[in-house]
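# Examination of the molecular architecture
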Amino acid sequence: MIMATTLKPVDSSSKLALPTSQVNFVCQRCCQPLRLDQTFSSLDGQTLQDLAAPLATTSGGKENWDTCTADDEDFHGDIDDGVSRKHIKPARLSSHDSGGFTLLGESDIGNMENLSHRVKVTSYLFDIMSGESDVDHPLCEECTDTLLDQLDQKLKITEDECKDYRELLEKLNQSSDHDDEEGLLQEIQQLQKEETRLTEKLVEIEEERKQVSEETGQKKNEVLRLQQEEERYWKEYSEYKRQLLEFQDEQRSVDSQLKYAQAQLDKLKKTNVFNATFHIWHSGHFGTINNFRLGRLPSVPVEWSEINAAWGQTVLLLHSLAQKMNLKFERYQLVPYGNHSYLECLSDKSKELPLYGSGGFRFFWDTKFDQAMVAFLDCLQQFKEEVERGDTGFCLPYKMSNGRIEDAATGTSYSIKIQFNSEEQWTKALKFMLTNLKWGLAWLSSQFTK
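Here goes a summary of the coordinates provided.

What counts, and at which threshold
- Residue numbers run consecutively from 1 along every chain, following the written order of its sequence.
- Since the coordinates come from a predicted model, pLDDT governs what is reported: local features require at least 70, and pairs of side-chain atoms require 80 or more to be given and counted, while whole-chain, interface and lining totals use all residues.
- Each side-chain value is worked out from all heavy atoms of the structure, with water and hydrogens disregarded.
- Any two strands with at least two DSSP bridges between them are considered paired.
- For the purposes of this entry, the term helix denotes a DSSP run of H or I that reaches at least four residues, the term strand denotes a run of E that reaches at least two, and both are numbered from the N terminus.
- With axes taken as lines fitted to C-alpha atoms, and helix axes fitted only over the stretch in contact, angles between N-to-C directions fall between 0 and 180 degrees.
- Here a residue-residue contact requires only that any non-hydrogen atoms of the pair lie within 4.5 Å.
- By salt bridge we mean one thing: a side-chain nitrogen of Lys or Arg within 4 Å of a carboxyl oxygen of Asp or Glu.
- Whether a residue is buried, partly exposed or exposed follows from its accessible area with a 1.4 Å probe, protein chains only, as a fraction of its type maximum: under 20%, in between, or over 50%, in that order.
- Note on ring pairs: Phe, Tyr and Trp rings are taken, using the six-membered ring of Trp, and paired if centres are within 6.5 Å. Classes follow the plane angle, with under 30 degrees stacked, over 60 edge-to-face and the rest tilted.
- Over a ring means this: the NZ of a Lys or the CZ of an Arg is within 6 Å of the ring centre and within 35 degrees of the ring normal.

## Comments concerning the sheet that holds strand β10 (residues 342-345)
Taken in spatial order, the 3 strands of this open sheet run β9-β10-β11, and their pairing is antiparallel. Where the open sheet ends on each side, the last strands, each with one partner, are β9 (332-335) and β11 (352-354). When strand polarity is set aside, the average angle formed by the axes of neighbouring strands in this sheet is 25°. Sheet analysis places β10 next to β11, joined by 3 bridges and oriented antiparallel. Looking at the pairing, L343 lines up with L353 of β11. Helix α9 (residues 368-390) contacts β9, β10 and β11 of the sheet and is inclined by roughly 95° relative to β11.

## Some thoughts on the pattern of salt bridges
Under the counting rule described, the total for this entry stands at 15 salt bridges. A salt bridge links R209 to E206; its shortest N-O distance comes to 2.5 Å. Linking R209 with E206, this pair stays in helix α5 (residues 181-270), spanning 3 residues, or about one helical turn. Accessibility expressed as a relative area gives 46% for R209, which makes it partly exposed. On the accessibility criterion, E206 (31% relative accessible area) is partly exposed.

## Here's the deal with the environment of Q425
When you line up the elements, Q425 lands in helix α10 (residues 423-449). Residue classification places Q425 among the partly exposed positions, given a relative accessible area of 37%. Counting along the chain gives 129 residues from Q425 to R296, while the straight-line C-alpha distance between them is 9.9 Å. What Q425 contacts, discounting residues up to four positions off in sequence, is Y414 and S415.

## Re the packing of aromatic side chains
This model, assessed by the stated rule, comprises 9 aromatic pairs. Their ring planes at 35° and their centres at 6.2 Å tell us that W304 and W426 sit as a pair that is tilted. Of this pair, W304 sits in helix α7 (residues 304-324) while W426 sits in helix α10, placing them 122 residues apart in sequence. Of the residues examined, W304 reaches a relative accessible area of 9% and is grouped as buried. Ring centres of F394 and W443 lie 5.9 Å apart, and the angle between their planes is 55°; this geometry places the pair in the tilted category. Residue F394 is found in the loop between α9 and β12 (398-401), and its partner W443 is found in helix α10; the two are separated by 49 residues along the sequence. Note on accessibility: F394 and W443 belong to one class, buried. Members of the aromatic cluster, each reached through a chain of ring pairs, are Y233, W234 and Y237. The aromatic ring of F286 is capped on one face by R293, whose charged end is 5.7 Å from the ring centroid.

Right, dumping it as structure tokens:
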């Protein structure tokens, strides 16, 4: 039970300001505070005991009724209507009863004890009321009215049901109790036949159900087997798909490599090895091979290391052309040896003709270098003659004879020797020699391309 307690001060005229308590009970439905009637404070123990006593009903027999009337003279019962009534005596004040209220004058301690006792009594009374019904007490007037309205509705519904039951009972009592037994027997026989037929049908249905259950089991096993096969199939399909993708990637890679190789092959087919390896050109008055100048001028003193390198490239080119044509020179053999290349005399193996020099006064008086250049020019002439045997239309731009190169346009011949010769004429003779060598390279490259 919910209770709210508030404290209030005593009258200002009192000498000792002691607080008194006022207890408010709360409605068990709307939780609003309640103001109790003054009669709740005048209940004694006997009244509470009478209220707590159970109600007597007619279902207990005459002995219970006599006992109740003997114990309480104020109990009135009507056996015919089945309703029990109890008259509660008014509250009695007694100073000898420990359960009642006792006024102790103006004592503050007595007031507090009296208040506590009243609260206990009131709470006990509400507990009794709550225990005798399905509704928790206390209730406010509005909740009580609402509850009464609901109870009136239930009572009206119950009375209507009782009225219907009475009418039905009267109709049953007025109806005939003698039914047609033969009709009932026939109906029973028909029902028995129907029961037998339905039983047989139920047995057939049960057999069909068993067959269907067996077929369902077989189908489930078949479905499981098909699922396993499908799973295996998808695994194999995924594996084959993966292999196919790998093979396709590999094929694309091989195709790319093949295309690249084919492009390189076409490029190499169009590329002339001799032209790519030996680039003969000119730089002013100098003939060049692979950017090495061959010759020197007073105004342009080319280093002998560069001249030696240029002679090494020239010897290597003529040697390669001869090998390509399977040409063997008659009097000399070319020995490409970088910037120290030389020629061997076939009549005298111990005689070497160097195609490199170092400059200086002593060098200019050494005839081996001049002999080597004349011998190289002789080998070039043999190459020309060999080409002309196979191709009568082939012709070099400059004639070569006995160590000299003739310019057909001017009719001037230049010696390839460095002794007793000017550097300008020697350089021009070397330039004409490289030009003839380039023509021979071009002819061989055209034959190689075919």
